[in-house]
Amino acid sequence: MTATIPNLPSLYDPFTTEAKWQKFWEDNQVYKADPQRGGEPYCIVIPPPNVTGSLHMGHAFDNTLIDSLIRYHRMKGYNALYLPGTDHASIAVHTILEKQLQAEGKTRYELGREKFLERAWQWKDSSKGTIVGQLRRLGVSVDWSRERFTMDEGLNKAVIEEFVRFHEEGLIYRSKYLVNWCPATQSAVSDLEVENKEVNGHLWHFCYPLNDGSGSVEVATTRPETMLGDTAVAVNPNDDRYKHLIGKTLTLPIMQREIPVIGDEFVDPEFGTGCVKVTPAHDPNDFEMGQRHDLPFINIMNKDGTLNENAGDFQGQDRFVARKNVVKRLETDGFLVKVEEYKHAVPYSDRGKVPIEPLLSTQWFVKIRPLADRTLSFLDEKNSPQFVPQRWTKVYRDWLVKLRDWCISRQLWWGHQIPAWYAVSETGGEICDNTPFVVARSEAEAREKAVPQFGADVKLEQDPDVLDTWFSSGLWPFSTLGWPDRTEDLEFYYPTATLVTGFDIIFFWVARMTMLGGHFTGQMPFKDVYIHGLVLDENGKKMSKSAGNGIDPLLLMDKYGTDALRYTLVKEVVGAGQDIRLDYNRQKDESASVEASRNFANKLWNAARFVMMNLDGKTPQQLGSPESSRGAQLCAPTPNSLQLSDRWILSRYHQVVKQSTDYIDNYGLGEAAKGLYEFIWGDFCDWYIELVKSRLFQKDAEGAASRLVAQQTLAYVLEGILKLLHPFMPHITEEIWHTLTQSEEGQSISVQPYPESDAASIDSDLEQQFELLIEAIRTLRNLRAEAGIKPGVKVKAVMQSESDRERQILTSSELYIQDLAKVESLTITSALETALEPAIADVVGTVQVLIPLAGVVDVAVLKAKLEKSLSKAQAEAKSLLARLSNPTFVDKAPADVVQGAKDALAEAEKQIEILQARLRLLK
């Protein structure tokens, strides 16, 4: 290939660049995985966002972390697959559509199931493009050819297979049970979809009269309307106050129903009055007492939250309206004893955002204990999966121990319809609690099963309910790879390598996936679970729609570029699992931290432009690698060998390669990103490029060899930097790499080998020596600025140290010091002359650095300037000392104000000390 002169535009345009490479990656199927290629698999399945959603900061954070891991492992030679997809979001979509219908004056029942589902699929098709397009904008390296949807044909097949197998194994059952009912969505919700909120409520005390005329018992409740369904009052059988009442009967006020007093050890004698009302159809604990004591179960609630015919005079009233009216009636009838202010936890539906109602309902359940116990055995015996950070293991384990049977049916239409067919011809054409049913993979199979039992004329009707969304997403790691079929993808990429997710979804999703994976595949679905924290707002608060404090990632991407946002999100992570706080100015829609990452991208761009302008149109491959530094000594190099600065940057580079690899291998992504930032901005851009500029400009024959070594080192390190940075900032690194390497069409940096660290090139001693050189140059620059020496003026400098080693380091670096600090002559000595002319000075380690000022600046003017600054600092210190000596100020001023004054005094005193020292040098 004939080399052309590489050329980068003078300014980096992230928006054009990012769009170009996103299209390139997809058009060229750069990330299409192929199990036949072999190698070691590394697979991550995307936590599927809701098809109704749009990209929020949590999505951006999660997917950036995943993509960084995927890109890194792909470059490390793994056969990597990042599998994309979306979730059908059963309740969310259903709610959206019902609101649309309500606005049109219709209901889903008027529309009919078929038309409703047609409308749902249309909504899905129009909405899906939003989140998928935004993920593309984020630059994630997914294999779009394998994109899945939790209700696509293959995943529907997997869900039906899951249900049928569970039923055949006796792990799914249908039963009347107390469920968490959401009146807003009119569906059952699982325990995991319930959020307990602290509310300021009331505790109402009522008295129930004993039928033998011996008095009454007092009960207390936070839900007085449920007393209409009471079927007993319970006391602790060991409570001396009440055990004599056990076996007696009461008359339930309002309803005039005779109910018994029962003894049950569940009752806490210390709570309330020690007597509790028992409503088995509307309270989980009462449900269990009702079963133990064979009590009647009286449901007083309709599914929309209104009271039914069992509520007598309150039929048709909303539950909260009925609450007020029941209390009023009890007060009128003389049964209300007192009302107390009471702060307590109320369970809310996470989806419907209303208090849930424990409701007796016939539902489908999964027996959870066999699944949870098997999953616990993987954890306890094999430490599988491994949690990062490890502290989440206990949280996960404790949850598995406490799990109860899983209610999986939802009274919705959008979702996986339950594969059970009822023989409605056996119960008058309707589905009742006692209607017999068959479970099958299809209606045809259901008929084959039903005819032998109920005859050829049997009329079948499929269960109208759908399955809990988590019932399908729990299969995600293996259903997306083809399960229940034994596909090539499933055989090669399963179990997946890592699950990356937030801690708030361990219970909803992680535990479901491990239980289902362990049961159906005999393996945990992933080796590691990397639990990351949350992206907090500028005030350190959790972002939420209700709080209105979300930060739109798309807005920041539009302003600063995608790479800038990605890099910020990763770099801000300090320790795996920690929350990150995103700096944000809401008035201006600006983020200083994302802007800093944008500036970092510009810094890299400009450095790359400079390097390529000085490579004579050659690629790193054409230039060749710089010489090995093995055995190099701290002495003057020959022109065609690595010089001190070359050996230093190569040592730092290989140190950073090792550091980045170690960090990422252990999920220290934030630490890796920060280390690269410091190396690229500081060591490479600010120092090495400056150190070699003079060599690059040498055109004579004598300097040609040294120039070539500098070119080789620059090109080698720059290409390595691009590869190291690529997992975090894929677009800009792809753009620069293509220009630098003049790569052939279709090639991508993302499939290039990740750099390997060369231990022989790492010289920690040299790096420490170079730190002294850098600090010496930095100090000379600062002294020049303080003395007001013009940038173009060269100065004399003196460096004094009693250490032979320090003097040797400075001597070997003399040319660098003179070049970068504009020093005309440098004196390196073990002792200063006693009659030293006026100078300005500072200290680096044990080295004193001085710039004699005679002939360089007007010493009298500088002295006057320093004296003026000294007087100002002394006046400030005097004022602060007077304030702090005043007892009134110290005793009455806020503590932070007093501390601020103390800090300001300490700073003023330090300034005085420095200024006095500098003035002494001018005498």
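Residues numbered from 1 in each chain as written. Predicted model: local features only at pLDDT ≥ 70, side-chain atom pairs only at ≥ 80, totals over all residues. Heavy atoms only, no water.

Participant: Explain empty space enclosed by the protein residue by residue, including any values.
Facilitator: Enumeration over the complete set of coordinates arrives at 1 cavity of 30 Å³ or more. Considering only enclosed or pocket space, the largest cavity measures out at about 40 Å³ in volume. Taken together, Tyr12, Pro14, Glu18, Tyr560, Asp563, Ala564, Arg598, Ala601 and Asn602 make up the full set of residues lining the largest cavity. Every element with two or more residues in the lining of the largest cavity is listed here: α1 (14–27), α17 (562–571) and α18 (592–613). In terms of residues, the lining of the largest cavity owes the most to one element, α18, which gives 3 residues. (1 Å grid on protein atoms, 1.4 Å probe; cavity = no way out; pocket = protein on both sides within 12 Å on 5 of 7 lines; lining within 4 Å. Points joined across faces, edges and corners; volume = space filled by probe spheres on them. Helix = DSSP H or I, 4+ residues; strand = E, 2+ residues; numbered from the N terminus.)

Participant: Outline the sheet that holds strand β16 (residues 406–407), listing residues and values.
Facilitator: Read from one edge to the other, the open sheet built from 4 strands follows the order β6-β5-β14-β16, with strand pairing classed as antiparallel. The open sheet has two free edges, formed respectively by β6 (187–189) and β16, since each of these has just one partner strand. Where strand β5 (residues 172–182) meets strand β14 (residues 357–366), 10 bridges bridge the pair, whose relative direction is antiparallel. Within β14, the residue paired with leucine 178 across the bridge is leucine 360. (Pairing = 2+ DSSP bridges.)

Participant: Residues and numbers for the side chain of histidine 726, please.
Facilitator: Tracing the chain through its elements places histidine 726 in the loop between α22 (701–725) and α23 (730–741). In this structure the side chain of histidine 726 is engaged in a polar contact, spanning 2.9 Å, whose partner is the side chain of arginine 71. Of the polar contacts made by the side chain of histidine 726, one reaches the side chain of threonine 733; its length is 2.9 Å. Other than its neighbours up to four places away in sequence, histidine 726 contacts Trp25, Arg71, Met75, Thr733, Glu734, Ile749 and Ser750. (Polar contact = N/O pair within 3.5 Å; in protein donor to acceptor, adjacent residues only side chain to side chain. Contact = heavy atoms within 4.5 Å.)

Participant: Can you tell me about the environment of asparagine 599, naming the residues and giving the values?
Facilitator: Along the chain, the position of asparagine 599 falls in helix α18. You can call asparagine 599 partly exposed: its relative accessible area is 32%. Spatially, the C-alpha atom of asparagine 599 lies 27 Å from that of serine 743, the residues being 144 residues apart in sequence. (Buried < 20%, exposed > 50% of the residue type's maximum accessible area, 1.4 Å probe, protein only.)

Participant: Account for the sheet that holds strand β18 (residues 420–423), with residues named and values stated.
Facilitator: In space, the 3 strands of this open sheet follow the order β19-β18-β20, with antiparallel pairing throughout. Only two strands of the sheet have a single partner each, and these edge strands are β19 (437–439) and β20 (460–462). The sheet shows a mean angle of 30° between the axes of neighbouring strands, taken without regard to direction. (Axes fitted to C-alpha atoms, helices over the stretch in contact; angles between N-to-C directions.)

Participant: I'd like to hear about unusual backbone geometry, residue by residue, with values.
Facilitator: Residue serine 384 is joined to proline 385 through a cis peptide bond whose omega torsion reads -5°. Locating proline 385 in the fold gives a position in the loop between α9 (368–382) and β15 (386–388). Each neighbour pair has its own omega, and for valine 388 with proline 389 the value is -5°, a cis peptide bond. As for its placement among the helices and strands, proline 389 is situated in the loop between β15 and α10 (392–402). The phi torsion at glutamine 186 lies on the positive side, around 50°, for a residue other than glycine.

Participant: With reference to specific residues and values, describe the pattern of salt bridges.
Facilitator: Considering all chains together, one arrives at 50 salt bridges under this definition. With a closest N to O distance of 2.6 Å, lysine 23 and aspartate 27 form a salt bridge. Within this pair, lysine 23 and its partner aspartate 27 are both found in helix α1, separated by 4 residues, close to a single helical turn. Both residues of the pair, lysine 23 and aspartate 27, belong to the exposed class. Across the pair arginine 441 and glutamate 161 runs a salt bridge whose closest N-O atoms are separated by 2.8 Å. Taken together, the residues span a long stretch of sequence, with arginine 441 in the loop between β19 and α11 (443–454) and glutamate 161 in helix α6 (residues 153–168) at a distance of 280 residues. (Salt bridge = Lys/Arg side-chain N within 4 Å of Asp/Glu carboxyl O.)

Participant: Could you give me a rundown of the pairing of strand β2 (residues 79–83), with the residues and numbers involved?
Facilitator: Buried residues dominate β2, accounting for 5 of its 5 residues. Where burial is concerned, the two faces of β2 agree: the one with Asn79, Leu81 and Leu83 and the one with Ala80 and Tyr82 are both buried. Two strands pair when backbone bridges link them, and strand β1 (residues 41–45) and β2 are joined in this way by 5 bridges, in the parallel orientation. The residue of β2 that forms the bridge with proline 41 is asparagine 79. Between β1 and its parallel partner β2, the chain crosses via helix α2 (residues 57–75), and the hand of that crossover is right-handed. (Right-handed = clockwise from strand over helix to strand, strands pointing away.)

Participant: I'd like a rundown of α23, residues and numbers included.
Facilitator: Counted at 1.5 Å a residue, the expected span for α23 with its 12 residues is 16 Å, and the 16 Å between its end C-alpha atoms agrees. Judged by how many residues are buried, α23 sits mostly within the fold: 12 of 12 residues are covered. Along α23, the positions that sit buried rather than exposed are Pro730, His731, Ile732, Thr733, Glu734, Glu735, Ile736, Trp737, His738, Thr739, Leu740 and Thr741. Buried-residue contacts for α23 involve α1, α2, α17, α18, α19 (620–623) and α22. After α23 finishes, the residue glutamine 742 shows a positive phi value of roughly 50°. (Expected span 1.5 Å × (residues − 1).)

Participant: Account for the nonpolar core, naming residues and giving values.
Facilitator: Within the largest apolar cluster, 202 residues are counted, with the highest numbers of intra-cluster contacts made by Met57, Phe471, Phe684, Phe728 and Leu853. Broken down by element, the residue count for this core peaks at 14 residues, all from helix α21 (residues 669–696). Apart from residues lying up to four places away in sequence, phenylalanine 684 is in contact with Val611, Ile649, Phe679, Ile689, Leu714, Val717, Leu718 and Ile721. (Core = buried A, V, L, I, M, F, W, Y, C linked by side-chain atoms within 4.5 Å.)

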